[in-house]
Amino acid sequence: MRAVASYFAALLLGAIAATPAMAQEAPVPPPQQWSWQGPFGTYDLADAQRGFQVYKDVCSNCHSMNNLHYRDLAGIALSEDQIKAIAASVQVPQGLDDQGNPKDGPGTPASMFRAPFANPEAAKAALKVAPPDLSNIINAREGGPDYVYAILNGFTPAPPGFKLAEGSNYNEYFPGHQIAMPQPLHGGDVTFADGAPNTIPAEAHDVVTFLAWAADPHMVQRKQIGWRVVLFLVVMTGLTYAVKRQVWSDVEH
Amino acid sequence: MAGQLHDSDFKNPVIQWIDTRLPIFTMMQKEYAVFPTPKNFNYFWNFGALAVVTLVIMIVTGILLAMSYQPNTELAFDSVQHIMRDVNYGWMIRYIHQNGASMFFIVTYIHIFRGMYYGSYKKPRELLWMLGVVILLLMMATAFMGYVLPWGQMSYWGATVITNLFSAFPIVGHGIVTWLWGGFSVANPTLNRFFALHYLLPFVLVGVVFLHVAALHIVGSNNPLGIDVKSPQDTVPFHPYYTAKDSIGICIFLLIWAIFVFFAPHALSDPNNSIPANPLQTPEDIVPEWYFLPFYAILRSIPNKLAGVCLMFGSILVLFVLPWLDTSPVRSARFRPIYRREIWLLVLAVFGLGICGAHKPEGIWVPLSRLCALYYYLHFLVILPLLGKFERPLPLPESISKAVLRRGGGPLPQGVAAKPMEKA
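If you're wondering where the values come from, they're calculated on a predicted model, not measured in any experiment.

Another aspect to go through is the overall build of chain A. Each helix and strand counted, chain A has 7 helices and 4 strands in total. Each helix (α) and strand (β) of chain A, taken in turn from the N terminus, gives the series α-α-α-β-β-α-α-β-β-α-α. For chain A, the proportion of its 253 residues judged to be buried stands at 29%.

The subject of this paragraph is the overall build of chain B. Along the backbone of chain B there are 16 helices and 2 strands. Taken over C-alpha atoms, the radius of gyration comes to 24 Å for chain B, in line with the 22 Å a tight globule of 424 residues would show. Classification of the 424 residues of chain B by burial places 40% in the buried group.

In this complex, chain A contributes 42 residues to the contact, which on the side of chain B involves 43 residues. Sorting the residues of the side of chain A that touches chain B by element identifies helix H1 (2–23) and helix H7 (219–248) of chain A as the ones contributing at least two each. Among the elements that make up the side of chain A that touches chain B, the one with the highest residue count is H7(A) (16 residues). Tallied by class, the residues present in the side of chain A that touches chain B amount to 25 nonpolar, 10 polar and 7 charged.

What follows concerns the packing of helix H5 (residues 144–153) of chain A against helix H6 (residues 200–215) of chain A. All names here are of chain A. As a packed pair, H5 and H6 sit with axes 9 Å apart at the nearest point and diverge in direction by 145°. Once H5 is placed against H6, the crossing between them reads as right-handed. Here H5 contributes Pro 145, Val 148, Tyr 149, Leu 152 and Asn 153 to the contact with H6, which in turn contributes Ile 200, Pro 201, Ala 204, His 205, Val 208, Leu 211 and Ala 212. For the contact of H5 with H6, the residue count by class is 10 nonpolar, 2 polar and no charged.

On to the nonpolar core, then. Residues and elements named next belong to chain B. Phe 104, Val 148, Leu 149, Trp 151, Trp 257 and Val 261 are the most contacted members of the largest nonpolar core, which has 55 residues in total. Within the residue set of this core, elements represented by two or more residues are helix H3 (47–66), helix H4 (76–85), helix H5 (90–117), helix H6 (126–148), helix H7 (153–164), helix H9 (188–219) and helix H10 (238–263). Top element by residues in this core is H5. It accounts for 10 residues. The contact partners of Trp 257, leaving out residues within four places of it in the chain, are Asn 99 and Met 103.

Moving on, we get to the environment of Phe166(B). All names here are of chain B. Mapped onto the fold, Phe 166 is located in the loop between H7 and helix H8 (173–181). The partly exposed category is assigned to Phe 166, around which 17 C-beta atoms lie within 10 Å. Those residues in contact with Phe 166 that sit more than four places away from it in its chain are Gly 173, Ile 176, Val 177 and Leu 180.

Considering the arrangement of structural elements, one finds Asn67(A) in the loop between helix H2 (45–57) and helix H3 (80–88). Residue classification places Asn67(A) among the buried positions, given that 23 C-beta atoms sit within 10 Å. Non-local contacts of Asn67(A), meaning those with residues more than four positions away in its chain, are made with Ser135(A), Asn136(A), Asp78(B), Gln81(B) and Arg85(B).

Attention shifts here to the packing of H3(B) against H10(B). All names here are of chain B. The contact between H3 and H10 brings their axes to 9 Å, and the two run at 55°. Judged by the inter-axis angle, H3 sits oblique to H10. For the pair H3 and H10, the sense of crossing is right-handed. On the side of H3, the interface is formed by Ala 49, Leu 50 and Val 53, while H10 contributes Asp 246, Gly 249, Ile 250 and Phe 253. The class makeup of the residues in the contact of H3 with H10 is 5 nonpolar, 1 polar and 1 charged.

With that settled, the discussion passes to the pairing of strand S2 (residues 102–106) of chain A. All names here are of chain A. Of the strand pairs in this sheet, strand S1 (residues 91–96) and S2 are connected by 4 bridges, and their pairing is antiparallel. By the bridge assignment, Pro 93 is partnered in S2 with Asp 104. Here S1 folds back onto S2 in antiparallel fashion, the turn holding 5 residues, of which Gly 100 has a positive phi close to 85°.

This paragraph deals with the environment of Leu280(B). All names here are of chain B. Looking at where Leu 280 falls in the secondary structure, it is placed in the loop between H10 and helix H11 (293–301). In this structure Leu 280 comes out as exposed when scored by C-beta crowding, with 4 C-beta atoms within 10 Å. Counting along the chain gives 46 residues from Leu 280 to Asp 234, while the straight-line C-alpha distance between them is 64 Å.

Definitions and limits used
- Starting afresh in each chain, residues are numbered from 1 along the sequence in its written order.
- Here the convention is simple: chains get letters from A, ligands get numbers from 1, in the order in which they are written.
- The predicted nature of this model means local features are confined to residues of pLDDT at least 70 and side-chain atom pairs, given and counted, to a pLDDT of 80 or more, with totals for whole chains, interfaces and linings taken over all residues.
- Labels follow the DSSP assignment, with helices taken as runs of H or I lasting at least four residues and strands as runs of E lasting at least two, numbered in each case from the N terminus.
- Every C-beta atom is placed from the backbone, and the number of other C-beta atoms within 10 Å of a residue's own sets its class: buried at 20 or more, exposed at 12 or fewer, partly exposed in between.
- Here the globule rule reads 2.2 Å times residues to the power 0.38, and the radius of gyration is calculated from C-alpha atoms.
- In this description, a residue-residue contact is defined by the distance between C-beta atoms placed from the backbone, which must lie within 7 Å.
- Under the grouping applied here, Gly and all other residues not named as nonpolar or charged are polar, the nonpolar ones being Ala, Val, Leu, Ile, Met, Phe, Trp, Tyr, Cys and Pro and the charged ones Asp, Glu, Lys and Arg.
- Note on geometry: axes are C-alpha line fits, over the in-contact stretch for helices, and angles between N-to-C directions span 0 to 180 degrees.
- The hand of a helix crossing depends on one turn: near helix anticlockwise from the far one by less than a right angle means left-handed, and clockwise means right-handed.
- Nonpolar cores are built from buried Ala, Val, Leu, Ile, Met, Phe, Trp, Tyr and Cys residues. These are joined into a set through C-beta atoms within 7 Å.
- We call two directions roughly parallel when the angle between them is under 35 degrees, roughly antiparallel when it is over 145, roughly perpendicular when it lies between 65 and 115, and oblique otherwise.
- For two strands to be treated as a pair, DSSP must find at least two bridges joining them.

This is a description of form; function is not addressed.
Below is the structure:
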């Protein structure tokens, strides 16, 4: 019996040990330090605000964020006036005019983020591959923020002998290394009002912080409530344990 | 007998008025307060109560989600995003529901294991057990359809793979699949009907759970010794003894659930399901949620599709006849020296299948999943029937209270007949 069990266990362990070598073709994105990690972590709002600027000036030329509204930017501590100004600076679809034709107008805080293309088909026609929507990109990729950060920093010349298909670019961390997106950040793409560095890693760090917030805007509140719930349940567990001891004290069991 | 009121012991005039006309209070008193319950339960006996709590929480959160969800392929994904972002506390309701599915299966699998370890399926509890298997099947159907609703990549491709399984059946297979889909592919009619069924089945579950509990209250609970209750000395009233003990389990269980919901809500979900469904782009590997992985591994371990499908469904259907496959007259594994060790091999095989199911069927995973699947069936179809004949069980204790005394020593138990509920 024991021999069979250990045979089983050895096979399983061997199989688990053997997997990483077999499964990975793209290198694993190196883990980074993020402000929102851990049960107490919160978003660094200055990073997120700079990250929004990177998104607005660079990413949003091709990528939509259709699940966000300008009013949501209050979540990264932009003021009401800033949000109004940002929204008003873009033309967004505003339903139909009197003649039944689609009408554009300046955005309001209630408007959805302006999308660079009317629909995925239009994006595909212009760029050959429709760029993914970025609202959830941090949740939608294995490795999350580390992966997106690695991609943004991972554009290098293709190694000699690597056959790159037409219209694709070499990226160290993209599965298969051939990514349709041309290198988006080159350093100095944006100038930050607070004078923060605008190298590629700095810009990537900021925009990933912004995207992480965008994918999970209620995280801070979630963790705050979570601590209260956990504390309550720990106390309740203790209380019910005491009650159970008391109730069972007259029974031999 | 016409016009006669039911006898009621309740003093409160309002309760008495109702109870004499519809004796639900008498029924509750009998089934949940004084209900004689073996006094030697361990914490494994918490899991039935935990499953009921989970079912209730899932139904409540599910109804709230349905108020903002749109069962339409054009709208479904974004409506879930709307719930997560814009609906007040929508993120909390959804994370409770989403992680609740995993919690439900953890609890149910442990509950099933407890039944197997302590022989709870044996006479006279065969029907009780079979109703439990029906509950498991309904849960699986409900969970599968629920996973389709957010209309992410894994929703869509999971639905495609699983519904396609029926095409393996000769002649009628393709007809069944078209009928399930409501068309010629997984599309809007599929999503719409899955939503309708996902809303319906939990209430069917409530009905079967009611029967499961009703059957339990006819034959009474099994216990860790697996021997019958011999005298009132062996039992305590359900309330307050087991309401108190279950409460501890419920608190700890909710604590674990809360840690997932508030601190690791995505720990058990696939990143691919945060990408909207795209019929033109197949994900690199289609994997179901963790709770289906062992069955998925059985399916993928067999090169023949029909055989794989049959063995996968068979792995659950075999549980229906478990009471007759196990020939040992002794219920509890405590008194079955071989079974007590052998059942851990089954657990190992199921975990092994779960790990295999998470990997592509290539390399070591193929023989490993075959070995585990073979052992799974071997356990039920060969080992259990034979073991009852060859295994020499240990002597059973005379009664629950005798066994308790021998183990604990100490003073004689006082009468533990109905204990009045203490008022604060």
